[in-house]
Amino acid sequence: MSIAQHLRTRLVVVAGWLAPAGAAAQVHHHQAAPPTPLDLPMARDASGTSWQPDTTPMFMWQWLAGDWAFNLHANVYAGFVDASSDRGAHRFAGINWVMFAARHAMGDGGADLTLRTMLSLEPLTVGAAGYPLLLQTGESAGGVPLHDRQHPHDLLMELAVRARVPVADAAAVELYVAPSGEPAIGPPAFPHRFVGMFDPLAPLGHHWQDSTHISFGVVTAGVFTRRWKLEGSWFNGREPDEDRFDLDLRAPDSFAARLTVNPTDATSAQVSWARLDSPEQLEPAVAIRRTTASAAWNHAGELGVLAVYGRNDPSAGPSTGAGLVEAALVLAPEHTVFGRVELLEKTGHDLALPAALADRTFGMAGFSAGYVYDAVRLGDLVPGIGIVATVNAIGDGLAPFYGTRAPWGGMVFVRIRAPEM
Ligand SMILES: [Cu+2]
């Protein structure tokens, strides 16, 4: 072997040894996003501290600057909402949120720190009385409980700091502190789920499932591996008040616990339990125990399905439950169809029926289908146009208040979102 050949062999061996470090340095030089604890995929991050399947597509703009990664997500709908029946109405409405996150590595061990805020202009574009949505309930306007309207989100939907620190080869801890944020209850909140990227309208059962996604004062601590996470939250359980521009901070009075499991890259499931001490401003003496279970599946970023069941057991009045199955199917980058089925119970009190019916429970169903066309070829900003229609089914007990057993509603809209990464 010549000296040149010998040297070349040595160089190849040395290069082999150096390759991992060299590759990492090169990636660093080209500004990769900071590493995540346990190498968790970024796509798993959903609203608050919740998880979704790793195969869920990420709709966002990302910048890297220094050791920081900045993400901006947006979903902005504007359109005409219509609801039939004696309790229906119609109006133009803007349904929207943007989310900005900055993530930074802490040390060399894979720990990271995330600052995140989520904002909505719905207080201006939906208005205090909300948009028409048949059988919807929850929160209030003018001191009166809202019914058949969806309340606006607050301006400051989230203002949060999250730290994740590996504590062993396969385990890490997480701490989330949020003046406005989401405690560990339920699946990812509806506006941030895969179907929520296409369907602007809120689920009728979200006050049984994930309505706590805007809570003013949340501390969550969790421990996780690559496949499961166990979390506990201590938080202010009071729902947002009618002033949608401020932070409704109160002393934490409520607790939640959640176990999330992602057994495969395409699946995520959770069970959670919460005690909301005094969620309703108009009924401060009533506490609610909430139990939820959900499972999500996303096939290759093209088909997403989520099922959730939530149950409220109040300290006064009957217990009620709400089930939901929703799905979105991306037929081609431009064409998406979606649907949602809800089966649930609400009380006469929820629906603001006459006092004699307050403690009576009414069954109801909602069947929604929709389509969105996205102009994906335009690049960095994806405008779209879409439609969603819902038919509800109600029983003889409720029909007199609606004048029909099958009230319907829907929305035609334009929509702007971030491109898929
Ligand atoms: Cu709500």
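Residues numbered from 1 in each chain as written. Predicted model: local features only at pLDDT ≥ 70, side-chain atom pairs only at ≥ 80, totals over all residues. Heavy atoms only, no water.

Draft legend 1. Structural context of a nonpolar patch on the surface. Together, Met-106, Val-165, Val-167, Val-173, Val-223, Trp-228, Leu-230, Leu-259, Val-261 and Val-271 line one region of the surface with nonpolar side chains, adding up to about 730 Å² of accessible area. Breaking the nonpolar patch down by element, the ones donating at least two residues are β10 (228-235) and β11 (254-261). Mapped onto the elements, Val-165 comes out in strand β7 (residues 156-166). (Patch = residues over 30% accessible without salt bridge, like charges linked within 9 Å, V, L, I, M, F, W, Y side chains within 5 Å. Areas by Shrake-Rupley, 256 points an atom, 1.4 Å probe, with all protein chains shown as cover. Salt bridge = Lys/Arg side-chain N within 4 Å of Asp/Glu carboxyl O. Helix = DSSP H or I, 4+ residues; strand = E, 2+ residues; numbered from the N terminus.)

Draft legend 2. Inspection of the side chain of Thr-36 at higher detail. Examined against the element boundaries, Thr-36 turns out to sit in the loop between α1 (3-29) and β1 (61-65). The residues touching Thr-36, leaving out its near neighbours within four places in the chain, are Met-42, Arg-103, Gly-110, Asp-112 and Arg-164. (Contact = heavy atoms within 4.5 Å.)

Draft legend 3. Fine view of the coordination of the copper ion. Taken together, His-151 (NE2), His-206 (NE2) and His-207 (NE2) make up the full set of protein donors to the copper ion, lying 1.9 to 2.0 Å away. Sequence spacing among the residues donating to the copper ion works out to H-x54-H-H. Of the two residues, His-151 sits in the loop between β6 (144-150) and β7 while His-207 sits in helix α3 (residues 206-209), which places them 56 residues apart along the sequence. Residue classification places His-207 among the buried residues on the basis of a relative accessible area of 7%. (Donors = N, O, S within 2.8 Å, 3.2 Å for Na, K, Ca; no water. Buried < 20%, exposed > 50% of the residue type's maximum accessible area, 1.4 Å probe, protein only.)

Draft legend 4. Expanded view of the pattern of salt bridges. Per the stated rule, a full pass over the model turns up 25 salt bridges. The shortest N-O distance in the salt bridge between Asp-45 and Arg-164 comes to 3.7 Å. Here Arg-164 lies in strand β7 and Asp-45 lies in the loop between α1 and β1, a separation of 119 residues in the sequence. Taking the relative accessible area as the measure of exposure, Asp-45 reaches 25% and is therefore partly exposed. Judged by relative accessible area, Arg-164 falls into the buried class, the value being 4%. Where salt bridges share partners, they join Asp-45, Arg-103, Asp-112, Arg-162, Arg-164, Glu-174, Lys-229, Glu-231 and Arg-258 into one cluster.

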